[in-house]
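# Report on the structure
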Amino acid sequence: MLSASGLAKSYRGKRVVDGVSLAVPAGSVTGLLGANGAGKTTTLRLMLGLAHGEGETAVLGRPLREWHSPGRVVGAVLGGVGGHPRHRVRDHLAMVAHGLGVPVGDVGPALAAIGLEQATGLRLGQLSLGMAQRVGLAQALLGSPRVLILDEPFNGLDPHSIAWLRGTLRRIADEGGAVLLSSHLLAEIDQLADHVVVMARGRVTAQSSVDQITERAGLHVVVESPEPERLAAAIAENGGCLEPLDGVRARVTGLDRHQVGHLAAERGIPLYWLEEKTPSVEEFYLSVAEEEFSTS
Ligand SMILES: Nc1ncnc2c1ncn2[C@@H]1O[C@H](COP(=O)(O)OP(=O)(O)OP(=O)(O)O)[C@@H](O)[C@H]1O
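If you're wondering where the values come from, they're calculated on a predicted model, not measured in any experiment.

### Here we look at the overall build of the protein
Broken down by element type, the protein carries ten helices and 14 strands. C-alpha atoms of the protein, sized along the principal axes, occupy 75 × 45 × 35 Å. The burial tally for the protein puts 37% of its 296 residues in the buried class. Partitioning the intrachain contacts of the protein with sequence separation of at least 6 by distance along the chain shows that 68% fall at a separation of at least 24.

Dropping the structure here:
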């Protein structure tokens, strides 16, 4: 539904995006991850035609510039609202609605949906970071686009707005839309995304579906015991493996939590903690980032 191929961009001779290709299928949310300066924002800007560089981006099979009203096909939030700082929120959004060919009457419900009814009279220049982010989201959603491209959309939002945004993005994807968002909030990506794409130094270094991450790494058990050596030996005798995690807890693979619990009870080894864990996007990201660090 949304795809990019061969995206590239240089600033003063330095390649900051270098051959990035990615696809966001209909019905899914893709998280774009990477360290500061990895090239995420530049990639999103290239996809939206806001930065000039190499490569192609297609939305529903056509370049964005070929769509008659691009804002009704793709909604974007790239930080900030745009618009004049002296314009009031309601007037700014009315202008956006006009440009999109959307009834101006839709502005009120769009602001209400994001809890900003009280802020309609504020000037854009008076908005807090979170409010500006919410106005940006209201603006992006105004044309009811099926594709969303969002740069750090959770930035500055309070917990209610985060929950609202997570639900809204999930709903848009579940209704057949495609959402691409960058974020440093790995727990949010973990809860929301179906796919993750990791960038480092302008390139895509890893990509995976969240299901594959879970499947590949398998479940593991986290334990805490005052007798880790005895527990490790008992687990090894039974075909599992115990590795220290953080100096207090340890990770067990090869046995499930019932097996670990029974084994500890049989051997009289105290356990202070026993938890079965699904591998997270955070662990995937950190393992990929570690490889990247060790090979750079
Ligand atoms: N307008 C610009 N002029 C010069 N260099 C730029 C410009 N915009 C971005 N860069 C450089 O391009 C590289 C990638 O920046 P980009 O903002 O795309 O990274 P990012 O992954 O979004 O980072 P962050 O997570 O910090 O937002 C960085 O080295 C940045 O300094």
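### Comments concerning the site of the ligand
All residues in the neighbourhood of the ligand are listed as Tyr11, Val16, Gly34, Asn36, Gly37, Ala38, Gly39, Lys40, Thr41 and Thr42. Top contributing element to the shell around the ligand by residue count: helix H1 (residues 40-47), with three residues. Across the shell around the ligand, the residue classes break down as three nonpolar, six polar and one charged.

### Describing the nonpolar core
The biggest cluster of nonpolar side chains holds 64 residues, and the ones touching the most others in it are Leu93, Ala138, Val179 and Val196. Counting eleven residues, the second-largest nonpolar core is a separate cluster that includes Val221, Leu231, Ile235 and Leu255.

### A few points about the sheet that holds strand E4 (residues 54-59)
Taken in spatial order, the four strands line up as E2-E1-E4-E5 in an open sheet, and their pairing is antiparallel. Each edge of the open sheet carries a strand with a single partner, namely strand E2 (14-24) and strand E5 (62-63). Sheet topology places E4 next to E5; two bridges connect them, and they run antiparallel. Bridge pairing in E5 places alanine 58 opposite proline 63.

### Considerations on the environment of glycine 261
Along the chain, the position of glycine 261 falls in helix H9 (residues 257-267). Judged by the 15 C-beta atoms lying within 10 Å of it, glycine 261 falls in the partly exposed class. C-alpha separation for the pair glycine 261 and valine 223, spaced 38 residues apart in sequence, amounts to 9.5 Å.

### So, the sheet that holds strand E14 (residues 273-277)
One key point about sheets: their strands pair by backbone hydrogen bonds, in either a parallel or an antiparallel sense. Spatially, four strands are ordered E12-E13-E11-E14 in an open sheet, and the strand pairing comes out antiparallel. Looking along the sheet, the strands with just one partner apiece sit at the ends: strand E12 (241-244) and E14. For this sheet the average axis-to-axis angle between neighbouring strands, irrespective of direction, equals 25 degrees. By the bridge criterion, four bridges tie E12 to strand E13 (residues 250-253) in an arrangement that is antiparallel. The residue of E13 that forms the bridge with glutamate 243 is arginine 251.

### Quick word on unusual backbone geometry
The backbone of leucine 60 shows a phi angle near 50 degrees, a positive value even though the residue is not glycine. By secondary structure assignment, the location of leucine 60 is in the loop between E4 and E5. The backbone phi angle of arginine 201 is positive, close to 45 degrees, even though this residue is not glycine. Looking at the secondary structure, you find arginine 201 in the loop between strand E9 (195-200) and strand E10 (203-209).

### Remarks on the packing of helix H8 (residues 228-237) against H9
Viewed as axis vectors pointing N to C, H8 and H9 meet at an angle of 120 degrees, and their least axial separation amounts to 10 Å. The angle between H8 and H9 falls in the class oblique. Judged by the twist between their axes, the crossing of H8 over H9 is right-handed. Of H9, the residues touching H8 (which contributes Arg230, Leu231, Ala234 and Ile235) are Val260, Leu263, Ala264 and Arg267. Among the residues forming the contact of H8 with H9, the class breakdown is six nonpolar, no polar and two charged.

### Comments concerning the domain arrangement of the protein
Domain parsing of the protein yields domain 1 (2-209) and domain 2 (219-277). Each of domain 1 and domain 2 has a C-alpha centre, and the two are 44 Å apart.

### Notes on the pairing of E10
Bridging between E9 and E10 involves six bridges; their strand directions are antiparallel. For valine 198, the partnering residue across the bridge sits in E10 and is alanine 206. With antiparallel pairing between neighbouring strands as the criterion, E9 and E10 make up a hairpin whose turn holds two residues, including arginine 201 at a positive phi of roughly 45 degrees.

### Considering H1
For H1, the buried fraction is high: eight of the eight residues fall into the buried class. Taken as a whole, H1 has its buried residues at Lys40, Thr41, Thr42, Thr43, Leu44, Arg45, Leu46 and Met47. Of the residues one or two after H1, glycine 49 is the one with positive phi, at around 75 degrees.

Each value, and the rule that gives it
Residues numbered from 1 in each chain as written. Predicted model: local features only at pLDDT ≥ 70, side-chain atom pairs only at ≥ 80, totals over all residues. Helix = DSSP H or I, 4+ residues; strand = E, 2+ residues; numbered from the N terminus. Buried ≥ 20, exposed ≤ 12 C-beta atoms within 10 Å, placed from the backbone. Contact = placed C-beta atoms within 7 Å. Near = placed C-beta within 6 Å. Nonpolar A, V, L, I, M, F, W, Y, C, P; charged D, E, K, R; others polar. Core = buried A, V, L, I, M, F, W, Y, C linked by C-beta atoms within 7 Å. Pairing = 2+ DSSP bridges. Axes fitted to C-alpha atoms, helices over the stretch in contact; angles between N-to-C directions. Parallel < 35°, antiparallel > 145°, perpendicular 65-115°, else oblique. Left-handed = near helix turned anticlockwise from the far one by under 90°. Domains from an automatic or database assignment.

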